[in-house]
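Topology and contacts: notes
Residue-level listing of the chains:
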Amino acid sequence: MREQKRLVDLHAHTHCSDGSLSPEELVRLAKQKGLAAVAVTDHDTTAGLAAALSEGARQGIQVIPGIEFSTSWEDHEVHMIGLFLRPDCPSLEASLEQMRRDREARNIRSVEKLAEAGFAVSLEDLKAFGEGAVLTRGHIGELLVERGYAPDVKTAIRQYLSRGTVGYVKRKTPPPAEAIRRIHEAGGLVFVAHPHQICRRDAQESLRLCREILAQGADGLETRYCEFDDWWRQQTEAIARELGCLRSGGSDFHGAMKKGLELGSGYGDLEVPYAFLERMREVLPE
């Protein structure tokens, strides 16, 4: 059925950021699930794209080189998805390198705050994840789960690493306009990721900010996402129709880091049509 419908997943992570699968494993899983294409969109890094593209060629499945770019706007965290980018673009890599340094500083201070508060975590625990991977709050959340402070990573982040909690540290991130500029310079298309997360307390505020970011030059937004209910699907589709912008979507797959969340189908009812990808290809820069 999924092959007949030609479905895709344009938002997925590997162990190059906070997923549990290698780029090759992710691509093979997409093939097994009958997806027509999968995008690798790790947080603030393009490290896994070469391996994923090579595996895609071997498996006969389309791999879209992408990224999830962290930004902030009006004191809200906003993630931008870049698709079809050239990972060797110097200006993009320069921005990502600065963001990786800022993320590392945030992670260190967050663990220090937790340790000061009596949690059994240390900077040595961070180092144990290995060199090279982009470490996120999810990795710190994983440590907290291992030490028995939370039942799962999502709960750990909410209770100990979110705004107003003991381990929260605000990370320095650029505005959406920089992500838009850098991804466009790399030949890619830019989408506002999971708009409902921009301001979880106020859906209308999230929609307002989403519109503002689209007006700054983003090419589209995610209208299909693993956490969307009917209302959010309708609201994002309405914006896409009104503005005539592109649509994207995906599971935000992280493997074992997000239990019960499947590649391609999310929590069971996600379907991202291949037509989204076809429309993107029509407008890609030459």
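The structure reproduced in this document is the subject of the present report. (Residues numbered from 1 in each chain as written. Predicted model: local features only at pLDDT ≥ 70, side-chain atom pairs only at ≥ 80, totals over all residues. Heavy atoms only, no water.)

**Description of the environment of Ala 238**
Here is the rule we go by: Strands here are runs of E lasting at least two residues and helices are runs of H or I lasting at least four, both read from the DSSP assignment and numbered beginning at the N terminus.
Tracing the backbone shows Ala 238 in helix 10 (residues 230-243). C-alpha of Ala 238 to C-alpha of Gly 48: the two residues are 190 residues apart in sequence and 34 Å apart in space.

**Focus: the side chain of His 76**
To be explicit about the condition: We call two residues in contact when some of their heavy atoms are within 4.5 Å.
Among the structural elements, His 76 can be located in strand 4 (residues 76-83). Sequence-distant contacts of His 76, defined by excluding residues within four places in its chain, comprise Thr 71, Ile 198, Cys 199, Glu 205 and Leu 209.

**Observations regarding the packing of helix 9 (residues 203-215) against helix 10**
Worth spelling out the cut-off: Under this scheme, a helix contributes an axis fitted over its contacting stretch, all axes are lines through C-alpha atoms, and angles between N-to-C directions fall in the 0 to 180 degree range. Under this scheme an angle from 65 to 115 degrees is roughly perpendicular, one under 35 degrees roughly parallel, and one over 145 degrees roughly antiparallel; angles in between are oblique. By convention the crossing between two helices is left-handed if the near helix lies anticlockwise of the far one by an angle smaller than a right angle, and right-handed if it lies clockwise.
Interhelical geometry of helix 9 versus helix 10 gives an angle of 30° and a closest axis separation of 12 Å. Considering the angle they form, helix 9 stands roughly parallel to helix 10. Crossing angle aside, the handedness with which helix 9 passes helix 10 is right-handed. Contacts between helix 9 and helix 10 involve Ala 203, Gln 204, Ser 206, Leu 207, Arg 211 and Leu 214 from the former and Trp 231, Trp 232, Gln 235, Ile 239, Glu 242 and Leu 243 from the latter.

**Points about the state of the cysteines**
Here is the rule we go by: A pair of cysteine sulfur atoms is labelled a disulfide when the two atoms are within 2.5 Å. Exposure is judged per residue with a 1.4 Å probe applied to protein chains only, and the accessible area is read against the type maximum: over 50% gives exposed, under 20% gives buried, and values in between give partly exposed.
Within the structure shown, the criterion is met by 0 disulfides. Cys 210 carries a free sulfur, and the closest cysteine sulfur to it, the one in Cys 245, is 7.6 Å from it. Exposure remark for Cys 210: the relative accessible area of 0% places this residue in the buried category.

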